[in-house]
Structures are given as structure tokens and as C-alpha cells.
Amino acid sequence: MLALALASVPAWAPRFWIYIATQALIFAIFAMSLDLLLGYAGLPSFGHAAFYGVGAYACALLALRDVDGLAPLLLVGALAAALAAVPIGALSLRTTGIYFLMLTLAFAQMLWGLAVNWISLTRGTDGLIGIPRPTLPGLETLNITFYERGAFFILCLVVAIVTFISLQALARSPFGKTLEGIRENERRMRALGCPTFRYRFAAFVVAAAFAGVAGALAAMSNGYATPDLLYWTGSGLALVAVVVGGARSLIGPVLGAFFVLFAQLGLSTFVERWELILGALFIAFVLFLPGGLVGLVRRT
Amino acid sequence: MTAGYGASVAVRNASLRVGGGEAVALLGRNGAGKTTTLMAIAGAIRPTSGTVEIDGRQVTGQPSYRIARQGLSLVPQGRRIFTTLSVRENLTLASRGGDLAQVYSLFEILAIRSASPGSTLSGGEQQMLAIGRALMTRPRLLLLDEPSEGLAPQVVRNLAELVARLRREVGLSILVAEQNLGFAFAVADRVYLMERGEVVHEDAAGAFREDHALQKRYLGV
Amino acid sequence: MELSVAGLTVRFGALAALNRVDISVATGERRAVIGPNGAGKTTLLNVIAGELQPTEGTVHLGERDATSLPTWRRARLGLGRTFQRSTLFSQLTVVENLALAIRARKRGGWRFWPVGDRALNGEVKRRLEAIGLAHLAGRTTARLGHGERRILEVELALAASPSALLLDEPMAGLSAGERQTTLERLRSLPRDVTVVIVEHDLDAVFALAERITVLDHGVKIADGAAADVRANPRVQEVYLGPI
């Protein structure tokens, strides 16, 4: 239902709101990927924006080398993020809980530092600019480009729906169930013969890949990739979205992403210190509505 | 008294009495409501209806620390000792004028390991520590939830002897929920039987011990 | 699968939780390990299971030297265990708990698409009925009573179809009826499953065990046929009390 409602948006909404909704969808994809880690695997990652940023930069670098096919651009975003996740996951996943959180944060900040300082590759804080919209062979015949009003929005909507369906299937699969078991009682899973490290590692890499896709979409949407995409506040905002939306179901992060984005927008129009209010909202949710927005809906 | 967890009622309309210096056993299968009864008396959960009185004074609904100050001490099922504190710290933290030497003489291993952190004790040793900790509060009424669980047979015998001694010397009242009938009969004057949240039978311990038909009916022994 | 430990020593600082312990359990044997509190019984199980590394000595599972293998690999070799404190998947239902154990045994975790597994569901149902918890199938384990948790704890280990099973005080906290159920579940194990049970419930010990090993203060003080150990004066002095 939500998808259909969203699909109608380009028809009636002003350009600005289409843009906002696009950002919300990209954020939703990012948040869903984090939920695989936080809600299903029980891994509180505070460095997920790193993979988002890596995906954006990979896409940007490829686009600036005149590759403009949609598929390769998205794929390179996913692959680059997955590759970055391999060493980070291999090291961070040796820990759990608060230590894992700190390690992922540290690695993400390292990558941010890399983006700022590796000027020859990333142009530092200037960022990579001038990224064109991608092309899709089928669309050219219909004479539509992704610059058309609402076209890119629909693309993001499609990717978001595919992400939702894939992660939903993954969560309900034996793999997903095993992850849940590891989250609930790792000691017991090991005593039952489960190589828990491997499962968490797989989840970490898959989550990174989806974050990378979101990052690639962001680069294409905005037309640029800058270091702030990897900054820890991005990871933090995604965590807020997942928790506020409801961590144990995949629709939660989607609701949370929209909520956070619109709250940000709404609050910053009126209040300078909007982050304070968002923070207070977050605390209120954690204290009074631990099930998030999804929990609220379920109760009513 | 009626009590439960959220929407489920675990104890329904239960009434029982423990007189001064008396030892009473609460028997019944798992799930009969023994633990809930003890928790409700101690104030760990709030009864939904009914009253709890200590020495004729109403304590229903009071927070557990206030009930504890009236001389009631609960040894809950599952030990729940402070794992990061040493044995000695566990015991002295709870002390309200308690006799450390007495606890050490009852449970020798606690004396030997008095400086070790609680987490290094074995399961049974932790159980001893939990009981010792309760004794350190100089209770007038001691609630014990399956105290013999995980204890070696000899230790169980020692514990039964200690409880009897405490009753004689200090006038301690005891309410003990138990599966181990041997321990229950060694300690108690009277027994209550619980089934599905209700108190279904009351008897003198000696009489119930001989009544194998009743035992089979309520406990499946 | 046969189990053995040789020269097993576990030291925590100055304390020797286990001291040069040698135990050998044949395939299909039913062995009880008894002893006073603090004797090192749970420590022994933790070393065999791989959660604890011995200071000295070796652990053999079947023919393999398992001393340096991680827990999950030993479980894959066929070792199962229960924990003294129930170690369940607390936010999951009883059915989901059992399903996880069976799926782990079948190594079915690397499928990324939802699959209905009729055989698995059927087995979950059978086991639920065998332990008498069918009426609690949809309840989360955090809301189960103490005895029910203990029974599920044992069944999770059984669901993994181990060839060697370590049981840590499975009878603790069980009512008479529940003890009966558990005893029957254990008796129904295939004859070639090796069972090592740590217990204080002497009725269960003598009902199940063919041979008994007695530990005291980390040292093995007796090891032999159940009847002989029972009559052993030192064992009576240290643990059993007058018989």
C-alpha cells in the first residue's frame, strides 16, 4: 500500500517534495541495510555510513570515467562497499556489544579521513562533482531520461522495494533464522555446532553491499560525492531511524527513515537547534516506545 | 492473595499463615505458583488483590526494600549473587548486624574463598552464598525458593540442620518452597500444597509425609 | 563416540579447579560425575566442550585430539551439552528454539531464501509432544516456568542428535513428574550415544549410570561401577553421606 501511495507522488507533488521523497527512499534503503545488522544479527554498528560513502565514491569514480549504465554503477557501489566490509568485518566481528560499536566507529572515521586526505583520488573536501544521471537501455527507446520529473524517484522506489523484498526474504530464510539465534544466544548456537563468526561476517558484508547501493543512488541523485557521507553523524542518524522506526521488522527502518528525514526538514525550518529536538525525540522513543513506530502501530 | 505477571494470573486467591518461630513448606509441582507467592510476599511483584501482613501490619504493595526492613529476607530461585563482588563483599553488603562467623561456620567454603569474586564460585557454592547473604540480614522471617537446588546431599543435610538451629536459637520463621521432599519434611512443621495457583491442601508435615496417596495426587511422586 | 581426558589440569591463579584428572568414557557408556560443590564438575564439562582451555592435559573426542578445537567444531564432531543455568533463546518461542537446534544439526543455515521444511516442522512437533510442552509451543521461553525451561534445555541438546552428550545437573529444580519425563528422554537415547551426566540427584544417578566418577577438590577420588562407588567408604565420607 505504501509503495503504491509513493508511486503516485510524481503525479501530484511539486518538484521539491519529489526530491525530498527521493532522499527519504535512499535513506530508507540505507536504514534497512543497517537493520539487518542491528535488528536481526544483533550487531550495533556505528560505522555503517562508511559503506554508504564507499558506494557513493565508487559510483562517482566510475561515472566520471564515462560509464553511465545504471546496472554497472549500482553494482560497483555494492561491490566496493562489500570489499571494504571484508577487512573491517574480519577485525570488528571478533568483538561484540560496546567494543564492536567502538571499532566500527573507528574504522568508519578512518575511511572518512582517507576520503578527506587522499586528494588525488577523492578531491578531498571538494568532493567528486559533476556526476551525471545514469542511463538505462530500455528507457532510451521510450525517450525518457533520469532527468525527467519523477523518473529518478521511481528508480529509487523500485530499488527500495527490491531491497525490502530481498532483505525480508533473507530475514525469513534459514540464514536469517540462524542470525536471530546468534543474536539471542551465541553461546548456545556454538554449542549446537554453528560457526557463528562466519554468519555474522556474511551478514556484515551483505548489509554493507546494500548500503553501498544506497550510496551509489545518493551520488547519482545529488550529482556529487563528498567525505561527509562517511562521517559518523550519518551512521548515527541511520541508527536513530532504525530505532525510532522499529528494529525488529523491515518496515520499521523505512518508517523511521521517512520520519527522521521529515522531522529534520520540518524542525530545521523553524528551529536552529533542530538536532537537539531530534535527539530528545530519540530518547523519548527509546524510553517509552522501544518497539518504535512499528510497535506503536501494532498496539493500536 | 492474587498475583501474576501482566495478564496472566499465577496465584489465585491464596491464603496461608506462618506463625512466629514456625517453619512452613510450600509444596507443589513446577508452575503451581510457589515462586510467585514468595515473590509477592517479599514485594518483588505486586499482588493484584488480597493482603500480605507481617506481625499484623499490612505490607501489601510496599516496595521490596521496605518489606525487607521489617525483617523479611528472600533467597530467590537461581542464586542471583553479585558476581563481580567477592564472597565477603556479598555477605557484608547485605548485613544488618549479621554474624559473619556463623555463616562461615555453616558454609566452610565461603570462608576459604572469602576474597574470590562471586563469579568464580561453582553453582552450588553460589547457592550457599545466596543463603548466607540472606542470613546476614538477621531476618525474622526467611523465605527460601528451592534452596536445595544444585546442592550436594551432604550440604542439604547441613542446611536442614542450620535452619532447625536458627529456629531454636533465634526464633526464626521459615517459609520454604521446595521440590526436595526430604528437605521439606526435615525442616517444616506444616505444609501447604499448591496446584494451578491455588492453595489446595494444608496439613501437618508429619501427617503428609505418611500420606503417600496425597503425595502422589499433588506431587506425582 | 568415546570421550577421554588425560592429565587434565585447570588452574585459575593459585586455585587448581582440576588437577591431573584422567577419565575415559567408552562409546555408548552412561557415566555419572558426582562430587561435592566446587569439586570441578562443571569445569570438567566446560573443558570437554571447549569453552575453557586446560592449563595442561588433553581432550580426545573419538580418535581426535580436540584440545585446541573451538566449541562449534567439537559440536560438529557430535558433542552436545546442556548448561547448568538454562541457556535458551529467550525472545524466541519454544518452537523456534527447537527449530534452531534441529536446523543447526542439519547445517541448513546457508540458505538465503525462505524454505518450508516439512521434515523439520514434523520433528519439532514430535519432540514437543515427547516432552509435554506442546501446549506452550508459541510461548516465548522468557515466559516459561523454571521446570519447563530446564526440560527445553535438555531437549535442545537432544535435538542436535549428538553422539556424545554432556549434561550439567539436568534434574535441578524439576518436580517429580518433570524428573520422570527427563529420565525417560535420556533413557530413550540410542544405545551408542555416550552420556556423561553431572548430578546431585542420586536417584537419577543410580537410575542412569553404569559407571561413576567421583571428583573432590579437582581430583578424581573414585572411578568404577556404580555399585562399587556407592559402597566406597571415602566417597561416602566426602559426598554421599552414610548410606
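A brief look at the structure comes next.

**Describing the nonpolar core**
With 211 residues, the main nonpolar core has Phe51, Leu217 and Met220 of chain A, Leu27 and Leu110 of chain B together with Ile212 of chain C as its most contacted residues. Core analysis: the second largest hydrophobic core is formed by 26 residues, Leu8, Ala49, Val59 and Leu215 of chain C among them.

**Points about the interface of chain C and chain A**
In this assembly, 33 residues from chain C lie in contact with 25 residues from chain A. Carbon and sulfur atoms make up 65% of the surface buried where chain C meets chain A, a total of about 2600 Å² over both sides. Broken down residue by residue, the surface that chain C buries against chain A is led by Trp72, Phe89 and Trp110 of chain C, which jointly contribute 23%. The tally of links from chain C across to chain A stands at two salt bridges. Note that Arg188 of chain A is salt-bridged to Glu153 of chain C, the shortest N-O span being 3.0 Å. For the side of chain C that touches chain A, the elements supplying multiple residues, two or more each, are α2 (71-76), β6 (79-81), α3 (94-105) and α5 (146-159) of chain C. Taken together, the residues that form the side of chain C that touches chain A break down as 18 nonpolar, eight polar and seven charged.

**Description of the pairing of strand β4 (residues 56-61) of chain C**
Residues and elements named next belong to chain C. Relative to β4, strand β1 (residues 3-12) is paired through five bridges, and the arrangement is antiparallel. Paired with Ala6 across the strands is Thr58, a residue of β4. Pairing of β4 with strand β5 (residues 64-65) involves two bridges; the strand directions are antiparallel. Counted as the bridge partner of His60 is Asp65 from β5. Where β4 folds back onto β5 in an antiparallel hairpin, the turn is made up of two residues, including Gly62, whose phi is positive at roughly 65 degrees.

**Considering the layout of surface pockets**
In this structure, the largest pocket encloses a volume near 1700 Å³. Every residue lining the largest pocket is counted, 47 residues in all, and those nearest its centre are Gly31 of chain B together with Leu144, Gly145, His146 and Glu148 of chain C. Taken together, the elements giving at least two residues each to the lining of the largest pocket come down to β2 (8-11) and α1 (34-42) of chain B together with α5 and α6 (176-187) of chain C. In terms of residues, the lining of the largest pocket owes the most to one element, α5 of chain C, which gives five residues. Across the lining of the largest pocket, the residue classes tally to 12 nonpolar, 18 polar and 17 charged.

**Brief notes about the interface of chain B and chain C**
Counting residues at the interface gives 25 residues for chain B and 23 residues for chain C. Contact between chain B and chain C buries roughly 1600 Å² in total, counting both sides, with carbon and sulfur atoms accounting for 49%. Looking only at chain B, the three residues that lose the most surface to chain C are Asn30, Glu149 and Pro153 of chain B, adding up to 26% of its buried area. Inspection of the region where chain B meets chain C yields seven residue pairs in polar contact (both at pLDDT 80 or more).

**As for the sheet that holds strand β2 (residues 15-25) of chain C**
All names here are of chain C. Reading across the sheet, the four strands line up as β2-β1-β4-β5 and stay open at both edges, with antiparallel pairing between neighbours. At either margin of the open sheet sits one strand with a lone partner, and together these are β2 and β5. Relative to β1, helix α1 (residues 41-49) is tilted by about 115 degrees, and along the sheet it contacts β1, β2 and β4.

**With respect to empty space enclosed by the protein**
For the coordinates displayed, the defined rule picks out six cavities of 30 Å³ or more. What the largest cavity holds in volume is close to 90 Å³. As for the largest cavity, its lining consists of 13 residues, and the residues nearest its centre are Thr178, Cys194 and Tyr199 of chain A together with Arg103 and Ala104 of chain C. It is α3 of chain C that contributes the most residues to the lining of the largest cavity, three residues altogether. Across the lining of the largest cavity, the residue classes break down as six nonpolar, four polar and three charged. Computed from the structure, the second largest cavity encloses a volume of approximately 50 Å³. Lining the second largest cavity, in full, are Leu3, Ser4, Val5, Ile23, Val25, Leu44, Ile48 and Val196 of chain C. Only β1, β2 and α1 of chain C provide two or more residues apiece to the lining of the second largest cavity. For the lining of the second largest cavity, the class distribution of residues is seven nonpolar, one polar and no charged.

Rules and cut-offs
- Residues numbered from 1 in each chain as written.
- Chains lettered and ligands numbered in written order.
- Predicted model: local features only at pLDDT ≥ 70, side-chain atom pairs only at ≥ 80, totals over all residues.
- Heavy atoms only, no water.
- Core = buried A, V, L, I, M, F, W, Y, C linked by side-chain atoms within 4.5 Å.
- Buried < 20%, exposed > 50% of the residue type's maximum accessible area, 1.4 Å probe, protein only.
- Contact = heavy atoms within 4.5 Å.
- Buried area = accessible area lost by both parts, 1.4 Å probe.
- Salt bridge = Lys/Arg side-chain N within 4 Å of Asp/Glu carboxyl O.
- Helix = DSSP H or I, 4+ residues; strand = E, 2+ residues; numbered from the N terminus.
- Nonpolar A, V, L, I, M, F, W, Y, C, P; charged D, E, K, R; others polar.
- Pairing = 2+ DSSP bridges.
- 1 Å grid on protein atoms, 1.4 Å probe; cavity = no way out; pocket = protein on both sides within 12 Å on 5 of 7 lines; lining within 4 Å.
- Points joined across faces, edges and corners; volume = space filled by probe spheres on them.
- Polar contact = N/O pair within 3.5 Å; in protein donor to acceptor, adjacent residues only side chain to side chain.
- Axes fitted to C-alpha atoms, helices over the stretch in contact; angles between N-to-C directions.

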